[in-house]
Each structure stands twice: as structure tokens, then as C-alpha cells.
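So the chains spell out like this:
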Amino acid sequence: MNAYRMNTFEWLESQAIYVIREVAAQFERPVMLFSGGKDSIVMSYLARKAFHPGKIPFPLMHIDTGHNFQETLDYRDSWMEQLGATLIVRTVQDSIDRGRVKEETGPNASRNALQTVTLLDAVKEFQFDAALGGGRRDEEKARAKERFFSLRDRFGQWDPKNQRPELWHVFNGMKRPGEHFRVFPISNWTELDVWQYIEQEDIPMPSLYFSHEREIVRRDEVILARSPCIALQEGERWETARVRFRTIGDATCTGATESGASNVADIIAEIAATRVTERGARADDRRSEAAMEDRKKEGYF
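Keep in mind the model is a prediction, meaning the values are calculated, not measured.

(A) Here's a closer look at the pairing of strand E1 (residues 30-33). Side-chain alternation along E1 places Pro30 and Met32 on one buried face and Val31 and Leu33 on a second face that is also buried. Of the pairings in the sheet, the one linking E1 to strand E4 (residues 130-132) comprises three bridges and is parallel in character. Paired with Met32 across the two strands is Leu132, which belongs to E4. You can see the chain leave E1, run along helix H2 (residues 38-51) and come back into strand E2 (residues 60-64), and the turn it takes is right-handed.

(B) Region of the structure containing the layout of surface pockets. Within this model, the largest pocket holds a volume of roughly 370 Å³. Taken together, 19 residues make up the lining of the largest pocket; nearest its centre are Leu120, Val123, Lys124, Arg154 and Gly178. Residues belonging to the lining of the largest pocket are distributed by class as follows: six nonpolar, four polar and nine charged.

(C) Highlighting helix H5 (residues 115-126). With 12 residues, H5 extends 16 Å between its outermost C-alpha atoms, agreeing within 8% with the 16 Å of an ideal straight helix rising 1.5 Å per residue. For H5, the buried fraction is high: nine of the 12 residues fall into the buried class. Of the residues making up H5, those classed as buried are Gln115, Thr116, Thr118, Leu119, Leu120, Asp121, Ala122, Val123 and Phe126. Phi turns positive one or two residues past the end of H5, at Gln127, with a value near 55°.

(D) Up close: the sheet that holds strand E5 (residues 149-152). What the six strands build is an open sheet, ordered E3-E2-E1-E4-E6-E5; its pairing is mixed. Bordering the open sheet on either side are strand E3 (87-91) and E5, each of which pairs with just one other strand. If you compare each strand with its neighbour and ignore which way they point, the axes differ by 30° on average. Strands E2 and E3 of the sheet are contacted by helix H3 (residues 70-83), whose axis makes an angle of about 170° with E2. In the packing of H5 onto the sheet, the strands contacted are E1, E2, E3 and strand E6 (180-183), and the crossing angle to E3 comes to about 130°.

(E) Structural context of the pairing of strand E8 (residues 222-225). By the alternation rule, side chains of E8 split into Val222 and Leu224 and Ile223 and Ala225, which are all buried. Hairpin connection between strand E7 (residues 212-219) and E8: a loop of two residues separates the two successive antiparallel strands, and Asp220 in this loop has a positive phi of roughly 50°.

(F) Structural context of the packing of aromatic side chains. Counting across every chain of the model gives 14 aromatic pairs. With a centroid separation of 4.8 Å and 10° between ring planes, the pair formed by Phe149 and Phe171 is classed as stacked. A residue pair is termed long-range when its members are at least 10 positions apart, and Phe149 in strand E5 and Phe171 in the loop between E5 and E6 qualify at 22 residues. Here Phe149 and Phe171 have matching classes, each one buried. Ring centres 6.4 Å apart and planes at 70° place the aromatic pair Trp195 and Phe210 in the edge-to-face group. Of the two residues, Trp195 sits in helix H6 (residues 191-201) while Phe210 sits in the loop between H6 and E7, which places them 15 residues apart along the sequence. In this structure, Trp195 and Phe210 share a single accessibility class: buried. Aromatic ring contacts, followed pair by pair, group Tyr18, Phe27, Phe148, Phe149, Phe171 and Phe181 into a single cluster. When the ring centre of Phe148 is taken as reference, the NZ or CZ atom of Arg137 above it lies at 5.0 Å.

Rules used in this analysis
- Residues numbered from 1 in each chain as written.
- Predicted model: local features only at pLDDT ≥ 70, side-chain atom pairs only at ≥ 80, totals over all residues.
- Heavy atoms only, no water.
- Buried < 20%, exposed > 50% of the residue type's maximum accessible area, 1.4 Å probe, protein only.
- Helix = DSSP H or I, 4+ residues; strand = E, 2+ residues; numbered from the N terminus.
- Pairing = 2+ DSSP bridges.
- Right-handed = clockwise from strand over helix to strand, strands pointing away.
- 1 Å grid on protein atoms, 1.4 Å probe; cavity = no way out; pocket = protein on both sides within 12 Å on 5 of 7 lines; lining within 4 Å.
- Points joined across faces, edges and corners; volume = space filled by probe spheres on them.
- Nonpolar A, V, L, I, M, F, W, Y, C, P; charged D, E, K, R; others polar.
- Expected span 1.5 Å × (residues − 1).
- Axes fitted to C-alpha atoms, helices over the stretch in contact; angles between N-to-C directions.
- Contact = heavy atoms within 4.5 Å.
- Phe/Tyr/Trp six-rings, centres within 6.5 Å; stacked < 30°, edge-to-face > 60°.
- Lys NZ or Arg CZ within 6 Å of the ring centre and 35° of its normal.

Note that every value here comes from positions in space, so none of it alone points to a role or purpose.
Here it is in C-alpha cells:
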């Protein structure tokens, strides 16, 4: 009798690699979305494992809002070099310049929602038929409605009621002309799983995830880092605090958390003790109760 049993990380890793390989097998022009955040880093690491010793057989793509943290961009370029991967970058600024989207105005203006159009235009430009994303079901209630293979119509829109069964991990990648899929290989991972895997595999991470001193402003229960794209409102002031980021995105809406966690072990201990979700500090998710679901229906990843 075989006494071998997979531990949690072996099972999660095996499942994610299986999904990634299924995408490579079923689709003609897949792409992996890369934000520079922990989930997309782990997903790209898994893709390298999936096809080792060969190269990742599809490109990675970053949708750059123009308001990214510089640390994210520096890490992105360094990590792509380590992976030996092909990187495509498309920018929201280009979408603005071409009149595809209109820049938001006002005190809480952000480009985060605008990247949906940039993404859909890139999918059409390269005729991608599958886009792998780092979404996890524990992140947010709209994410929990996703399947591994999530069909998008010819307008790039998502209908949570129109999803296919995935019994025994049999994935149906059949689609009509113009449709494409979003695929989420790490759907069953939690934030804690991601960080424990990062520790186990010794994956290098962007410095933003670790405690550091930074100028911040407190706005509507969100801690925003000082950035050229953030203007102080009446009664606000910059102050210095020791913070880190649990999620990384557009600087206008990505909230920091006060923390002394300076290494991966500290982060794991902090997450294990917290009762606040990682997206609880994101200003864009506070715009409405269904903010994420509304964006996903429009084509957001």
C-alpha cells in the first residue's frame, strides 16, 4: 500500500500546474496577466515549473495604469529577466490618448477602472483566446463565483449565471468566434497559502510587501502612499508611518496597512491573526457593495 499522501502545497501546486498546462493544450493564443503582485508572481513561478526545462510557451502581459509604484515596475522587469519570459505592456495612458477612455477627475480620481478597456483592446489586438489571471476565491465575494475556466462573451463581459460545470476537473474550452476565457489557476489558494508557498519556495518578492517607512495620508479609513497622482484634500496632511502593502495595484486606490512585518515569516504570522481581508484596504472596492462584480461584468480580470 502506498503511504504517500500529498500535503496541502503539493496538492495546490499540482492543481494549478494542471490548469496552466490545460490552457497551453486547449488554446491557440493564451496569455498570462501579470500585475507585479504576489498572486501573479506565484502564478508565473508555477508556469515556469509547469514547462521546465522549456520556456513558458505564452507571453505575459502587464496593463500599466501609469500610476504604478516604481518598486512594482522595477521588480517586474527584473522578474521577467529571471523567468526568461516574453512581456507585453499596454498602457492606460495610450487608451486615454486614443480617446478610448476618459481620465477621471475629482478628489478620488483613479485609473484603476480604466484598465478594463486597455485589457480588452489588447485581447483583441493579439487575438488572445485565454487570459490567465491570479484571482483567488477568498479575495472578494465576486471572485468566489468564478470557475477555473471563466467564459467571456464577444464584448469581454462575464455572466456569473452562464458558467460551465467543472466536474472532476474536466475543463471545457470550447468557444464561439470572438469569445475568450479568463482562467484562474490559483482559485483554491488563500492569501495565507500564497505566502506559505512563497516561504517554502523562497520566491523573491517586491519590497512593497515588507514593512518600511513611507509618507502616507489617511483618507476614508484607507492609508494611501504619497504619490504624484494623489493630491491632498482639505484638512489632510502627509505623515510618516511604518507600513506595508498586502495587495499591489494602482497607487491611487491601493491602501497600505500599518505593520512591522519585515520578512515572510512575520507576514505569515500577521495574516494568520488578522480578520480583515487583503482587499479591505482598497479604495476602489469601497465605491459600492458590488464594485468588483460590476467591473468583472464589464471585462475586468
